[in-house]
Every structure is written in structure tokens, then in C-alpha cells.
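Chain residues, written in single-letter form:
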Amino acid sequence: MELRDKNGLTEAEFLASYSPKNYPRPSLTADAVIFTGDKDNLKLLLIKRGGHPYLGCYALPGGFVNPKETVEQAARRELMEETGLDEPKMSLVGVYSKPGRDPRTWVVSTAFYAYLESGVSPTAGDDASDAKLFSLKYKLEADTCTFTLTNGEDKLSGSVKYSEDGMPTEIIESQGLAFDHTAIIADAIRKLTA
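This write-up is about the structure you can find in this document.

## Describing a nonpolar patch on the surface
The grouping of F14, L15, Y18 and Y23 at the surface amounts to a nonpolar patch, some 410 Å² of accessible area in total. Mapping Y23 onto the fold places it in the loop between helix 1 (11-17) and strand 1 (27-38).

The structure is reproduced here in C-alpha cells:
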């Protein structure tokens with residue numbers, strides 16, 4: 001005997017009448033935070049956005065997940081497309097779903113990070129107008145992570161406040177970075193140095 005729900009429907013009957021358009025759904029993206037160098041000269045890989053939104057701002061390599069790939073596969077694909085780098089071993093930073101984080105629509109992103117010891121030579125591709133390594137300086141305190149990123153004349157900065165349970169609560173400062181990538185970078189710094 002097939003199980004029936006409170007409305008008397010079998011699973012097959014329920015699925016036949018189910019309409020996904022009745023429920024708003026977010027778009028899904030994946031981002032990659034790539035560190036390199038050593039602890040005294042840490043660097044972070046960023047791309048310069050070649051299109052809207054945030055045209056000309058720096059961002060983490062990333063983009064929309066295709067229907068037949070996982071978020072991990074999308075992060076690797078986007079990293080390769082936008083920087084020419086292939087990094088098969090990445091760890092989870094977190095999931096970012098704050099309403100309004102992307103001006104286009106409701107977007108949820110999953111971010112991953114990796115540390116590469118050396119040999120990183122990014123080449124901009126796809127929708128990135130540039131890809132380069134930034135020197136990273138950071139300061140971690142109990143309730144904040146503050147960082148600066150420099151490459152020649154390009155100077156970026158960010159600061160994130162954390163709650164007692166370690167969750168990011170507010171981007172205090174974000175200079176030159178797209179979306180909420182300031183929070184993603186701060187979270188990745190905390191994971192890398194834990």
C-alpha cells in the first residue's frame with residue numbers, strides 16, 4: 001500500500017500536481033577564495049569585473065551554477081574560466097544568502113577556499129577584464145576581521161564585525177570589492193588562520 005499525505009495524495013500524485021513556479025527560488029552561484037604565498041607575504045587572487053553589476057570592481061572568481069553541476073564543480077569551472085587556474089582541492093568557507101547581496105536578483109552563493117604554495121600565474125578570461133594577486137594584510141580580533149589588499153596602485157580594504165557565535169553580522173567597510181565579497185574574504189581569512 002502506498003503512503004498518502006494529509007490530503008490523501010500518493011507521492012506520484014503530489015509530484016504530478018506540484019508547481020515550482022508557486023515558490024520563489026534563488027539563483028545559485030559559487031565563489032573561489034584563492035590564497036598563495038607564505039604567512040609573511042600572503043596574497044589573494046581577485047578578478048576585475050568586466051560587466052555589470054559592479055563593473056570595474058574587484059571580486060572573487062565565481063559565477064552561476066549550471067543545472068547539471070554541483071557548487072564545487074561550478075567553483076572550479078569559474079576559477080578556470082576567469083583566471084586559467086585549476087584547483088581541484090578546495091574547502092568550504094560558507095553559504096551567503098543575505099537578502100539584497102546581489103542587485104540583479106535573489107542570489108545565494110557557496111564559497112570555497114584553497115591555499116596554493118606557489119606557481120600562481122592568473123590570466124583573465126571569460127567575463128573578467130583582469131586577474132591578479134593582491135598582497136594581503138589582515139588583523140583578527142575577537143569580534144572583527146579587518147584587511148587591506150594592494151597591487152601597485154590598486155588598494156582595497158574591508159572590515160567585518162562578528163557576533164559572539166562567530167557569525168558575520170555586518171560589513172563595516174568595503175572599498176573596491178563587489179557584492180558581499182568583503183564578508184567572504186574575512187571568513188576565509190578566519191578559516192585559513194584557524
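## Regarding the state of the cysteines
Counted by the stated rule, this structure contains 0 disulfides. Considering cysteine sulfurs only, C57 is the nearest to C145, which forms no disulfide, with 20 Å between them.

## A short note on the packing of aromatic side chains
With the rule as written, the count across this model stands at 4 aromatic pairs. Aromatic side chains F14 and Y18 sit 5.7 Å apart centroid to centroid with 50 degrees between the ring planes, which places their arrangement in the tilted category. The class of F14 is partly exposed, set by a relative accessible area of 35%. Look at Y18 and Y23: their rings are 5.6 Å apart centre to centre, the planes differ by 10 degrees, and that puts the pair in the stacked class. The exposure class of Y23 is partly exposed, given its relative accessible area of 47%. Among the aromatic side chains, those forming a connected cluster through ring pairs are F14, Y18 and Y23. The ring of Y162 carries the charged tip of R190 above its face, separated from the ring centre by 3.7 Å.

Criteria and cut-off values
Residues numbered from 1 in each chain as written. Predicted model: local features only at pLDDT ≥ 70, side-chain atom pairs only at ≥ 80, totals over all residues. Heavy atoms only, no water. Patch = residues over 30% accessible without salt bridge, like charges linked within 9 Å, V, L, I, M, F, W, Y side chains within 5 Å. Areas by Shrake-Rupley, 256 points an atom, 1.4 Å probe, with all protein chains shown as cover. Salt bridge = Lys/Arg side-chain N within 4 Å of Asp/Glu carboxyl O. Helix = DSSP H or I, 4+ residues; strand = E, 2+ residues; numbered from the N terminus. Disulfide = S-S within 2.5 Å. Phe/Tyr/Trp six-rings, centres within 6.5 Å; stacked < 30°, edge-to-face > 60°. Buried < 20%, exposed > 50% of the residue type's maximum accessible area, 1.4 Å probe, protein only. Lys NZ or Arg CZ within 6 Å of the ring centre and 35° of its normal.

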